[in-house]
Amino acid sequence: MVGKRYVKVALTGVPNVGKSVIFNKLTKGKAWIGNWPGVTVEKKVGKTEINNHEVEIIDLPGIYGLTAYSVDELIARNFIVEEKPDVVVCIVSAINLERSLYLAISLLEMGANLIIDLNMIDIAENEGFSVNHRKLSEMLGTSVVPTIAPEGYGIEELKEAIKEAILNRKINLRIVNYGRDVELAIEKISSLIKKLSFELSEKYQARWLAIKLLEGDEDVTVKVKRTQVGSIILGEVEKLRRRLGEKLGDVGAYIIETRYKRASEITHRVLERIKPVKITITDILDSVLTQKILGIPIALSVLMLLFRFAFEVSTPLVDAIDLLVNVWLHDLIAESTIFPRWLASLLADGVISGIGSVLIFLPVIAFFFLGFAILEDVGYMARVAFIVDKFFSKFRLPGKAIIPLVIGFGCNVPAVMAVRGIEDENDRKALALVAPFSSCNARLPVYLVIGGAVLGAYAGIAIASMYVLSIILALIVGLILRSTLFKGPFTGFIIEMPPYLTPRLDNIAFKTWERTKRFLFKAGTVIFLGVILIWLLSVFGPSGYLGPEALENAALLKRSWSGVIGHYLSIIFSPMGWDWRSSTALLFGFVAKETVVGVMGVLYGVGEEGLTNVIAQYFTPISAYAYMIFVLTYVPCLATIAMIRNELGLKYALFALFYEIVLAYLLALTVMGLGHIVGVV
Amino acid sequence: MKSGKLFILSTLAFILGIFYVLAVILAIYLWITQSPFSSQFLYYFVPKDVSSVIILAPIGLVLSSSLYYVLRRDVVKSIACLLIGGGIGTIAMIIQTLVVFANIVDATIMGEKLSIEKITVGLLRADSSLGWAAFLLFLTSILLYRKLRNTLKNNL
């Protein structure tokens, strides 16, 4: 290894052990984010230099073990097996040592060149105990570096340990003794692997492979099966498993249990009580915050405050950007005589409006993520997830689902972004697809105009029903998705309850910037292109170029491609009784729901203010209610679709687009049908 | 810890909690009935946006619960209620003040006329005015917490 220029270091640990902070400290915040190939799990890579080695640090997903049941765990273990990082740093929490050690032991068994970062030692000491890191190092046979990540304590020592580990590779495959019978079986299988398959013994540690085969690990079994000697090895494994099963019962469960026992044994030997246990702020606050009667209302109150902070405090910035880009810059270009008229309109109504519609989201997104990062760093978000978990689990969704669903009431874009905090990939995918059902702020003007104009005294109830329906829809569709498309084991609720901590400014600023930047560059491009497409559809028609006047003239717009599509849509929407104008407005609603009312104003030739008086002539109460339901259910906006594409890929973005439109149509049709049955028209 | 101090503080929290709950009930009543504000007090005190009840109701509930827990001799939960109710009340007050400030900046940017009445209503509404009392309560409850944190877990 001496003289090697490029070194790979993998960073891993159970969730909430301060992995992100250590990653940032090691890389000095310089990282690029992508996804692991083929899945939607975030991959963060950073670089640093240690002892003239250019070190690439790969932040592996937060995991509890290395089973094949969770996508995150599979990613971590495949990375360690296939990419063979030079060093693996396992961050271990001093306040929850046993659970962290289970992962560390699993990594050692894989043959990782491991370093233990013993983090949160300050919190452990506050809670009255310390971890004897020297003894821990002796027992694990690896370097153990105590750290207090937020303060940067121990980071230099950690770098030193990485340097040492690069030079002197150490492995400890026999960290767990599974007892005479199982050890003999392991020995037999590993000898067989070494003897029969060069391919397998070259790629994997034979002992680890043997343990995993005995454990019944599906992924490993499939990999062995694919080799030429797979059937011979698996035949022997099956024989040994049967024989061991007669003595031990379930061999897989026995192996896992023995590993847990080893983690527990080490924990008991290295934990030292240094002072009597005193009550902590976490104990006091959790006595109420995790309680159902008060905990749930408090969570709603806190999330509503986050909502107000993001949407109301950011108003001046939103308006300033709107004024600067969508009005001042737009008018400057639109009225400019330098460009030909078509180009001025393309630049003003297409390019500038496109940039404007991305930028006006920025303050809300940034404020939201600022508040969210604070709540996350304080440790409160884990409690919110905990208290609603039982209810959500009935819909096969994790407790953390509450976060995107509530956020969605403000804006669906951060709601889809918030699903990143969900560990299980199936949960994450299902939630990203149902979070847009939360009735965002932009839909409200549509409800107010349509409901207010047509439903009279029932408008209030009708609008309130939209919010209730949005949650019902999200839960039911979530259940359907989790039981069909994203079928898989419901992992239940595994979450570390971190102690309450004072948030650190640098960490919050970093998180806020990272998330806001992601929106700006990833979603921004799609929104921008979408706005330009709508502009093109509006200024061109079957007869050719209509000019930018079409954007403000109902007669011209009717002749544009938008108007033509609107006409075809009105045929599809004829069972609901919506005319071409309301159908065309829905088309514009793809860009942003805010535009529906404005476009209706143009198309009905009355402007937004006079719309309420005119609209009553074109809708019946039931067709108005169906229209409201359609607006609630169909694609929220281009930005949300862009975010879904960013989180889940193009395939799922298109799926969301399709299924939401179909569902919206079916619901609207059902409402019309029910209306006719009960005699309301 | 002397329970006398906690009892007094919890009683004050209970009274403050009742005010929060009162604001919630009035906000819902006025929203449902669409009644005009019959007095100056109601006009300034009751938030016009009904969504505020989601913020105010839990604060009132948690603050009032402090007295309930004192009567049940559950010191930890009682202090937790004071800290949480007082803390959220304070944050609600800060955010409401920020909203008022944002409205002023927004009006300036948009070239709209500054409405003194709108500012006054924003600063006097329940989440803002009661928030100051919640803030005082929060500060006092921190003193109680400091005494409590020296208590051994087994002694509770």
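This section reports on the structure supplied with the text. (Residues numbered from 1 in each chain as written. Chains lettered and ligands numbered in written order. Predicted model: local features only at pLDDT ≥ 70, side-chain atom pairs only at ≥ 80, totals over all residues. Heavy atoms only, no water.)

1. Focus: unusual backbone geometry
Residues and elements named next belong to chain A.
Part 1 of the reasoning: For Met120, which is not glycine, the phi torsion reads 65° and is therefore positive.
Part 2 of the reasoning: Relative to the helices and strands, Met120 resides in the loop between β6 (114-119) and α4 (121-126).
Part 3 of the reasoning: Although it is not a glycine, Arg396 adopts a positive phi angle of roughly 55°.
Part 4 of the reasoning: Residue position: Arg396 is located in the loop between α18 (380-393) and α19 (402-408).
Part 5 of the reasoning: Judged by relative accessible area, which is 26%, Arg396 ranks as partly exposed. (Helix = DSSP H or I, 4+ residues; strand = E, 2+ residues; numbered from the N terminus. Buried < 20%, exposed > 50% of the residue type's maximum accessible area, 1.4 Å probe, protein only.)

2. Observations concerning the side chain of Ser78 of chain B
Residues and elements named next belong to chain B.
Part 1 of the reasoning: With respect to the helices and strands, Ser78 occurs in helix α4 (residues 75-110).
Part 2 of the reasoning: Its relative accessible area of 0% is what places Ser78 among the buried residues.
Part 3 of the reasoning: Discounting residues that sit within four places of it in the chain, Ser78 has contacts with Leu6, Ser10, Ser66, Tyr69 and Val70. (Contact = heavy atoms within 4.5 Å.)

3. Overview of the environment of Gly13 of chain A
Residues and elements named next belong to chain A.
Part 1 of the reasoning: Inspection of the secondary structure puts Gly13 in strand β1 (residues 6-13).
Part 2 of the reasoning: A residue is classified by how much of its surface remains accessible, and Gly13, at 0% relative accessible area, is buried.
Part 3 of the reasoning: C-alpha separation for the pair Gly13 and Pro61, spaced 48 residues apart in sequence, amounts to 7.9 Å.
Part 4 of the reasoning: Not counting the four nearest positions on each side in its chain, Gly13 is found in contact with Lys19, Pro61, Gly62, Ile63, Ile91 and Leu103.

4. A closer look at the environment of Ile59 of chain B
Part 1 of the reasoning: Turning to its location among the elements, Ile59 of chain B is positioned in helix α3 (residues 53-71).
Part 2 of the reasoning: Under the relative-accessibility criterion, Ile59 of chain B is labelled buried at 1%.
Part 3 of the reasoning: Considering only alpha carbons, one finds Ile59 of chain B and Gly89 of chain B, 30 residues apart in sequence, at a separation of 6.3 Å.
Part 4 of the reasoning: Other than its neighbours up to four places away in sequence, Ile59 of chain B contacts Ser301 of chain A together with Tyr20, Gly85, Ile88, Gly89 and Ala92 of chain B.

5. Structural notes on empty space enclosed by the protein
All names here are of chain A.
Part 1 of the reasoning: One pass over the full model with this rule turns up three cavities of 30 Å³ or more.
Part 2 of the reasoning: Of the volumes computed, that of the largest cavity is approximately 60 Å³.
Part 3 of the reasoning: Lining the largest cavity are Gly65, Leu66, Thr67, Tyr102, Ser106, Glu109, Trp208, Lys212, Glu215 and Arg259.
Part 4 of the reasoning: Contributing elements (two or more residues each) for the lining of the largest cavity: α3 (97-110) and α9 (206-215).
Part 5 of the reasoning: Among the residues making up the lining of the largest cavity, the classes are represented as three nonpolar, three polar and four charged.
Part 6 of the reasoning: Here the lining of the largest cavity spans two domains, and each of domain 1 (6-167) and domain 2 (180-251) adds at least three residues to it.
Part 7 of the reasoning: Broken down by secondary-structure element, the contributors of at least two residues to the lining of the second largest cavity are β6 and α6 (155-167).
Part 8 of the reasoning: A per-element tally of the lining of the second largest cavity places α6 first, with three residues. (1 Å grid on protein atoms, 1.4 Å probe; cavity = no way out; pocket = protein on both sides within 12 Å on 5 of 7 lines; lining within 4 Å. Points joined across faces, edges and corners; volume = space filled by probe spheres on them. Nonpolar A, V, L, I, M, F, W, Y, C, P; charged D, E, K, R; others polar. Domains from an automatic or database assignment.)

6. Points about the interface of chain B and chain A
Part 1 of the reasoning: On the side of chain A, 29 residues touch chain B, which itself brings 37 residues to the contact.
Part 2 of the reasoning: Across the chain B/chain A interface, buried area totals approximately 3000 Å², and carbon plus sulfur atoms make up 77% of it.
Part 3 of the reasoning: Summed over the shared surface of chain B and chain A, the number is one salt bridge.
Part 4 of the reasoning: Among the ionic pairs, Arg308 of chain A bridges to Asp127 of chain B, the shortest N-O distance being 3.4 Å.
Part 5 of the reasoning: At the junction of chain B and chain A, the tally comes to four residue pairs in polar contact (both at pLDDT 80 or more).
Part 6 of the reasoning: Those elements that place two or more of their residues in the side of chain B that touches chain A are α3, α4 and α6 (126-148) of chain B.
Part 7 of the reasoning: For the side of chain B that touches chain A, the leading source of residues is α4 of chain B, giving 18 residues.
Part 8 of the reasoning: Classifying every residue of the side of chain B that touches chain A gives 26 nonpolar, five polar and six charged. (Buried area = accessible area lost by both parts, 1.4 Å probe. Salt bridge = Lys/Arg side-chain N within 4 Å of Asp/Glu carboxyl O. Polar contact = N/O pair within 3.5 Å; in protein donor to acceptor, adjacent residues only side chain to side chain.)

As far as function goes, none of this settles anything; it's purely spatial.
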